[in-house]
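Breakdown of the fold
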Amino acid sequence: MDRNEIVRPENLVYKKPTLMNEVNMHYCPGCSHGVVHKLVAEVIEEMGLEEKSVGVSPVGCAVFAYRYIDIDWQEAAHGRAPAVATAIKRLWPDRLVFTYQGDGDLACIGTCETIHALNRGENIVIIFVNNAIYGMTGGQMAPTTLIGQKTATCPYGRDPKLHGYPLKMPEIAAQLQGTCYVTRQCVDTVGHINKAKKAIRKAFEASMAGKGSCLVEITSTCNSGWKLSPQKAYGWMNENMIPFYPQGDLKDTTNE
């Protein structure tokens, strides 16, 4: 088989999304962010919303998301992405408006903005990457850090008597009247990546149809913060995070 035959369209198995810019990513090798970026770019392209999409990224590992996906972006102060997205969607209701946030940003300093935007039923999508740690700032304990998990600020492991319990944001969001689709997915295998992509598309479609607020959590790894190799990080996630953060839809009223 020669090279020309390999690249024929009928033999094409994978290609880089056209919305992904030709720049090097700052994410650590093995980080889940790159996979999620690819899924977001693919869904926007497949829906034909390249010129009608606005992403909002705040502080944290996702702060440079605007460098990678070629759509309109707005930076937000730490934790305030849902509030900024609310303003954009209300001004431009025909746009696809979504936030891209980590657990330290969304579930800590941004808890108020997140819960109230979801409860109001704003027609936005919140993509929530949960790696149970503060990745960019040095591996400190996050609201989603597991009981017993060691971080830079709880070196002996998270103690619920001292630090409280991990926060399950989708479980909270599913109880709010304004939400129409709440799901938790993962991107560790091809099968899970396909499910995550379908979830992102369902959320985007519901948002554009004016169904209400959507929250898509992606349970992810942070091998640098966890001090593990990429391979061992995915193993640790499956052994520890997945049992505590079960995968699947928690709420779906998009057909009502």
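Look up: the structure comes first, before these words.
A brief look at the structure comes next. Per chain, the residues get numbers from 1 upward, laid out in the order the sequence is written. Totals for whole chains, interfaces and linings use all residues, but because this is a predicted model, local features are given only for residues with pLDDT of at least 70 and pairs of side-chain atoms are given and counted only at 80 or more. Water and hydrogen atoms were dropped before computing side-chain values, which therefore reflect all heavy atoms in the structure.

Brief notes about the overall build of the chain
Helix and strand labels come from DSSP, where a helix needs a run of H or I of at least four residues and a strand needs a run of E of at least two; each type is numbered from the N terminus. Summing up its helical and strand segments, the chain has 10 helices and 7 strands in all. We compute the radius of gyration over the C-alpha atoms and compare it with the globule rule, which gives 2.2 Å times the number of residues raised to the power 0.38. Relative to the globule expectation of 18 Å for 256 residues, the C-alpha radius of gyration of the chain, 18 Å, shows essentially globular dimensions. Throughout, a contact is declared for two residues whenever any of their heavy atoms are within 4.5 Å. For the chain, long-range pairs separated by at least 24 residues make up 67% of all intrachain contacts whose partners lie at least 6 apart in sequence. Surface accessibility follows the Shrake-Rupley procedure with a 1.4 Å probe radius. Residue values consider only the protein chains on display as shielding. For the chain, the accessible surface area stands at approximately 12100 Å², while carbon and sulfur atoms represent 54% of it. A positive count includes Lys and Arg, and a negative count includes Asp and Glu. His and the chain ends are not counted in either. Every charge is mapped to an atom, namely NZ of Lys, CZ of Arg, CG of Asp or CD of Glu. If you average the places of the 26 positive and of the 26 negative side-chain charges in the chain, the two averages end up 4 Å apart.

Considering the pairing of strand β4 (residues 125-130)
Using a 1.4 Å probe on the protein chains alone, a residue whose accessible area is under 20% of its type maximum counts as buried, one over 50% counts as exposed, and one in between counts as partly exposed. Where burial is concerned, most of β4 is hidden: 6 out of the 6 residues are buried. Burial of β4 is two-sided: the residues V125, I127 and V129 facing one way and the residues I126, F128 and N130 facing the other way are all buried. Two strands form a pair only when DSSP identifies at least two bridges running between them. In the sheet, strand β3 (residues 96-102) pairs with β4 via 5 bridges, with the strands oriented parallel. Within β4, the position partnered with Y100 by the bridge is I127. Judged from the 6 bridges that link them, β4 and strand β6 (residues 213-219) form a sheet pairing that is parallel. Bridging from a neighbouring strand, V129 pairs with I218 of β6.

Remarks on the sheet that holds strand β1 (residues 53-57)
Read from one edge to the other, the open sheet built from 7 strands follows the order β2-β1-β3-β4-β6-β5-β7, with strand pairing classed as mixed. Two strands bound the open sheet, and with one partner strand each, they are β2 (72-75) and β7 (248-252). Pairs of neighbouring strands in the sheet enclose a mean axial angle of 15°, with direction left out of account. Lying over the sheet, helix α3 (residues 81-91) contacts β1, β2, β3 and β4, oriented at roughly 175° with respect to β3. As a rule, the C-alpha atoms of each element are fitted with a line to give its axis, helices using only the stretch in contact, and angles between N-to-C directions run from 0 to 180 degrees.

Points about helix α2 (residues 33-47)
A helix is expected to span 1.5 Å multiplied by its residue count minus one. Counted at 1.5 Å a residue, the expected span for α2 with its 15 residues is 21 Å, and the 21 Å between its end C-alpha atoms agrees. Burial of α2 is extensive: 11 of the 15 residues sit out of reach of the surface. Contact partners of the buried residues in α2: β1, β3, β4, α8 (190-208) and β6. Looking one or two places after α2, you find G48, whose phi comes out positive at around 70°.

Things to note about unusual backbone geometry
The phi dihedral of A132 is positive, around 65°, even though this residue is not glycine. As for its placement among the helices and strands, A132 is situated in the loop between β4 and α6 (160-163). Residue A132 is classed as buried on the basis of its relative accessible area of 0%. For K227, which is not a glycine, the phi torsion comes out positive at approximately 60°. Here K227 lies in the loop between α9 (223-226) and α10 (230-244). The class for K227 is exposed, based on a relative accessible area of 70%.

Focus on a nonpolar patch on the surface
Residues F64, Y66 and M136 make up a contiguous nonpolar surface patch of about 260 Å² in total accessible area. Mapped onto the elements of the fold, Y66 is located in the loop between β1 and β2. What makes a patch is a set of residues exposed beyond 30% relative accessible area and free of salt bridges, joined within 9 Å when like-charged and within 5 Å when nonpolar (Val, Leu, Ile, Met, Phe, Trp, Tyr). Should a side-chain nitrogen of Lys or Arg be within 4 Å of a carboxyl oxygen of Asp or Glu, the pair is scored as a salt bridge.

Regarding the pairing of β6
Burial analysis of β6 places 7 of its 7 residues in the buried class, which makes it a mostly covered element. Burial along β6 is two-sided: S213, L215, E217 and T219 facing one way and C214, V216 and I218 facing the other are all buried. Bridge count between strand β5 (residues 179-186) and β6: 7 bridges; the pairing is parallel. Bridging across to β6, T179 finds its partner in S213. Handedness of the crossover is the feature at issue here: the chain leaves β5, passes through α8, returns alongside β6, and the resulting connection is right-handed. By convention a crossover is right-handed if, when the strands point away from the viewer, the path from the first strand over the helix to the second runs clockwise.

Everything listed here is a matter of coordinates, which is why it stays silent on function.
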